[in-house]
Amino acid sequence: MTDFSTIYKLSIIAFIGFIQGCSCTCPVMECWFVQEKPGRGGGLTGATTQEKSLLHIRTDKQSEAAGSQSDATDIDPSRVYAVTDPSANLCHASLNPPRGSIQKPQCEINPFLPQPSSLKWVASLTESALSPVYLQADWFSASFQGLDQQLGVSTISRAPTGTKEHHVILSITSRTMSVKSRLGEPVTLDCNFWVDPSTPLSASGFAVEWRYQTRGDGRLILAYDGKLDRLADTHETGAFLDFEALHERGNASLVLEEAKVRHSGTYICTIYLPYLLAQVAMELEIVEPPSLSIHPSPLPLAVPGQTLNLQCEASGFAPLPLEMSWEFKGADGKSRSLGSGRMSGHRQAWDGTYSQSSRLELDTSKLDLGRGGEVTCVAAHAGGTRRASVTLNVIGFSSPSIEDSMAMVGVALVLYGLIKFVSWSFTGSGRKTVFCYLNKIKSSFTFLFAANSNFQNPLVILIFLFSAFRVK
Ligand SMILES: *[C@@H]1O[C@H](CO)[C@@H](O)[C@H](O)[C@H]1NC(C)=O
């Protein structure tokens, strides 16, 4: 069982710290006031009305909001509110753009109805009867998103019935509204909460819930009853809270030990107080660039006129899509595009990563590739561009002439006869070393070289050697 008074004490310290340390100016913010259309009989139609409203933010009741009055004249005076936020979360620079800037932080207010929760990990908070009189007031929930797209704040505020003087009772901030992570790395999803120490609700404990949500899939990642110090059963592995930081500083950040593709999606951090809850939703995207490999590698020697089939395999990347292309860099150092090749469809591996390939038909006669160069496969992905290269060697002569071919046949025949002769003489004279045998072949080569000038041709030599050993 954890003593909730630590939170209480620290809140006071934080409170004093903020009052003294915050030299920031608090904004006057335009917000959408969104509520369900009255008189619709509470159906599931979800019809809402949207009105502009104005919030004068301040950190204590005495101070005036530093921002000057808004010029907006289209705001109904009954929708102008004063909001006291001792935590100063709403006075963050990211929520307070310079005057006249086009970009504005996003903000929405909704009426809020305090009610007990029946969730297993929250129910303990409202076990004891609380002062329901305190709850009889005007409650708002509001959400704010900073200009940097990284700060999100959600608040629950209370105003005595009929007044427009709101006081923030619970606020949650996240500084990681949009997170990108490589595969396998630890990820921290930030979520910090603050409770007004003067509220009677602060003494009765809190609960934390992390949910995951993505298209059609939602699950509980982690739920913690801070009053009974109890974690709810979940099947999620590798997700942690730092309980010390949670109780001492209201730091409810979720740590995912090792990012996996299936972790991509929306995460909702919900903080419960008795009868109240506030939440922030953040996006996590796992972005992993591909690994590339080219087949065949190394490339076989190419003869002009020959068509080589190259395949570039990109694997282990997420998310889709991937763009693949080919480049050639000749001996002159100039690069040029060889097009995108033929892309295959993508396949998904067990770990959720994708693979895809591109096939290139490299027609050495159509393209002016000279004596060769470097062929590069380029894969452009959200996680970065990756490249893989192979060296292309085009043999610098035209295909064998008829004379060459005839010479080859002739040579092969001569050699055949020669080897037959040699092996015949070996069997006759008993043991001779292989060394001697090779020497004989060598001398016959020398003889042939002298006899036929066509043997400068390396290919002919290759074929010659080949046939020589075949015959054996
Ligand atoms: C909260 O905890 C997380 C992880 O434990 C840490 O990365 C983060 O900096 C903490 N935030 C604050 C405001 O202390």
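- The protein chain goes by Ig-like domain-containing protein in an unreviewed UniProt entry, where it is assigned to Xiphophorus couchianus.

### Focus on the overall build of the protein chain
Part 1: Along the backbone of the protein chain there are six helices and 26 strands.
Part 2: Here the protein chain holds 472 residues, and the buried ones make up 42% of them.
Part 3: Taking the intrachain contacts of the protein chain between residues at least 6 apart in sequence as the baseline, contacts between residues at least 24 apart amount to 64%.
Part 4: Counting only carbon and sulfur atoms, one obtains 56% of the accessible surface of the protein chain, whose full area is about 25,300 Å².

### A few points about the nonpolar core
Soluble globular proteins: nonpolar side chains tend toward being buried together.
Part 1: Counting 41 residues, the largest nonpolar core has Trp139, Leu189, Val208, Trp210, Leu254 and Tyr267 as its most contacted members.
Part 2: Of the residues forming this core, the biggest block, six residues, is contributed by strand E17 (residues 276-286).
Part 3: With sequence-adjacent residues up to four places away left out, tryptophan 139 is seen in contact with Asn110, Pro111, Phe112, Pro114, Tyr134, Ile156, Ser157, Arg158, Ile169, Leu201 and Leu276.
Part 4: In this structure, Leu292, Ile294, Leu360 and Leu369 belong to the second largest nonpolar core, which totals 25 residues.

### Focus on the site of the ligand
Part 1: The immediate surroundings of the ligand are formed by Thr188, Asp190, Asn192, Asn251 and Ser253.
Part 2: Asparagine 251 has a polar side-chain atom sitting 2.3 Å from an oxygen atom of the ligand.
Part 3: Split into classes, the residues belonging to the shell around the ligand amount to no nonpolar, four polar and one charged.

### Side note on the packing of aromatic side chains
Part 1: For the structure on display, the rule yields eight aromatic pairs.
Part 2: Aromatic pair tyrosine 224 and phenylalanine 243: ring centres 4.7 Å apart, planes at 50°, arrangement tilted. With tyrosine 224 in strand E12 (residues 217-225) and phenylalanine 243 in helix H3 (residues 243-249), this residue pair connects regions lying 19 residues apart in the sequence.
Part 3: Taking relative accessible area as the criterion, tyrosine 224 reaches 1% and is therefore assigned buried.

### Points about the state of the cysteines
Part 1: Counting across every chain of the model gives four disulfides.
Part 2: The partner cysteine of cysteine 31 in its disulfide is cysteine 107, sulfur to sulfur 1.4 Å. Here the residue cysteine 31 occupies a position in strand E1 (residues 28-36), and cysteine 107 occupies one in strand E4 (residues 106-111), the gap between them amounting to 76 residues. The pair formed by cysteine 31 and cysteine 107 is uniform in burial state, with each residue classed as buried.
Part 3: Between the sulfur of cysteine 191 and that of cysteine 269 lies a disulfide, 2.0 Å long from S to S. What sets the handedness of the cysteine 191 and cysteine 269 disulfide is the S-S torsion sign, and at about -70° it is left-handed. Note that cysteine 191 is positioned in the loop between strand E9 (187-189) and strand E10 (192-195) and cysteine 269 in strand E16 (residues 265-273), a separation of 78 residues in sequence.

### Digging into the environment of serine 335
Part 1: Mapped onto the elements, serine 335 comes out in strand E21 (residues 335-339).
Part 2: As a C-alpha pair, serine 335 and glutamate 374 span 39 residues in sequence and 9.0 Å in three-dimensional space.

### As for the sheet that holds E12
Part 1: Strand order in the open sheet made by the six strands is E8-E17-E16-E11-E12-E13, with mixed pairing throughout. Looking at strand neighbours, the two that pair on one side only are strand E8 (178-181) and strand E13 (230-231), the edges of this open sheet.
Part 2: Examined bridge by bridge, strand E11 (residues 207-214) and E12 share eight bridges and lie antiparallel to one another. For tyrosine 212, the partnering residue across the bridge sits in E12 and is arginine 219.

### Structural notes on unusual backbone geometry
Leave glycine aside and you will find that most residues have negative phi; peptide bonds, for their part, are mostly trans.
Part 1: Backbone torsion omega between serine 297 and proline 298 reads 0°, so that peptide bond is classified as cis.
Part 2: Relative to the helices and strands, proline 298 resides in the loop between strand E18 (291-295) and strand E19 (307-317).
Part 3: With an omega of -5°, the peptide bond between alanine 318 and proline 319 qualifies as cis.
Part 4: Non-glycine residue alanine 88 carries a positive phi angle of around 65°.
Part 5: Looking at the element boundaries, alanine 88 is found in the loop between strand E3 (80-84) and E4.
Part 6: You can call alanine 88 buried: its relative accessible area is 9%.

### Digging into the sheet that holds strand E14 (residues 239-241)
Part 1: A sheet is described by the order of its strands in space; here three strands give the open sequence E9-E15-E14, paired in antiparallel fashion. Taken across any chain shown, the strands that pair with only one partner, and hence form the sheet edges, are E9 and E14. Pairs of neighbouring strands in the sheet enclose a mean axial angle of 25°, with direction left out of account.
Part 2: As defined by bridge partners, E9 adjoins strand E15 (residues 254-256) across three bridges and the pair is classed as antiparallel. Among the inter-strand pairings, threonine 188 is bridged to a residue of E15, identified as valine 255.

### Overview of the confidence of the model for the protein chain
Part 1: Here the protein chain averages 82 in pLDDT, while 76% of its residues score no lower than 70.
Part 2: This stretch, residues 446-456, has a pLDDT under 50; its non-local contacts, to residues over four places away or in other chains, come to 14 contacts.

### A look at the side chain of glutamate 288
Part 1: Turning to its location among the elements, glutamate 288 is positioned in the loop between E17 and E18.
Part 2: Here the side chain of glutamate 288 touches arginine 182 through a polar contact of 2.9 Å, side chain to side chain.
Part 3: Excluding residues that lie within four positions of it along the chain, glutamate 288 makes contacts with Arg182, Leu183, Gly316, Phe317, Ala318 and His381.

### Structural notes on the pairing of E12
Part 1: Where E11 folds back on E12, the antiparallel hairpin that results is connected by two residues, among which glycine 216 adopts a positive phi of roughly 70°.
Part 2: Pairing analysis gives two bridges linking E12 to E13, with the strands arranged antiparallel. Bridge pairing in E13 places tyrosine 224 opposite leucine 231.

The rules behind each value
- Residues numbered from 1 in each chain as written.
- Predicted model: local features only at pLDDT ≥ 70, side-chain atom pairs only at ≥ 80, totals over all residues.
- Heavy atoms only, no water.
- Helix = DSSP H or I, 4+ residues; strand = E, 2+ residues; numbered from the N terminus.
- Buried < 20%, exposed > 50% of the residue type's maximum accessible area, 1.4 Å probe, protein only.
- Contact = heavy atoms within 4.5 Å.
- Areas by Shrake-Rupley, 256 points an atom, 1.4 Å probe, with all protein chains shown as cover.
- Core = buried A, V, L, I, M, F, W, Y, C linked by side-chain atoms within 4.5 Å.
- Near = heavy atom within 4 Å.
- Polar contact = N/O pair within 3.5 Å; in protein donor to acceptor, adjacent residues only side chain to side chain.
- Nonpolar A, V, L, I, M, F, W, Y, C, P; charged D, E, K, R; others polar.
- Phe/Tyr/Trp six-rings, centres within 6.5 Å; stacked < 30°, edge-to-face > 60°.
- Disulfide = S-S within 2.5 Å.
- Pairing = 2+ DSSP bridges.
- Axes fitted to C-alpha atoms, helices over the stretch in contact; angles between N-to-C directions.
- pLDDT = per-residue confidence, 0-100.

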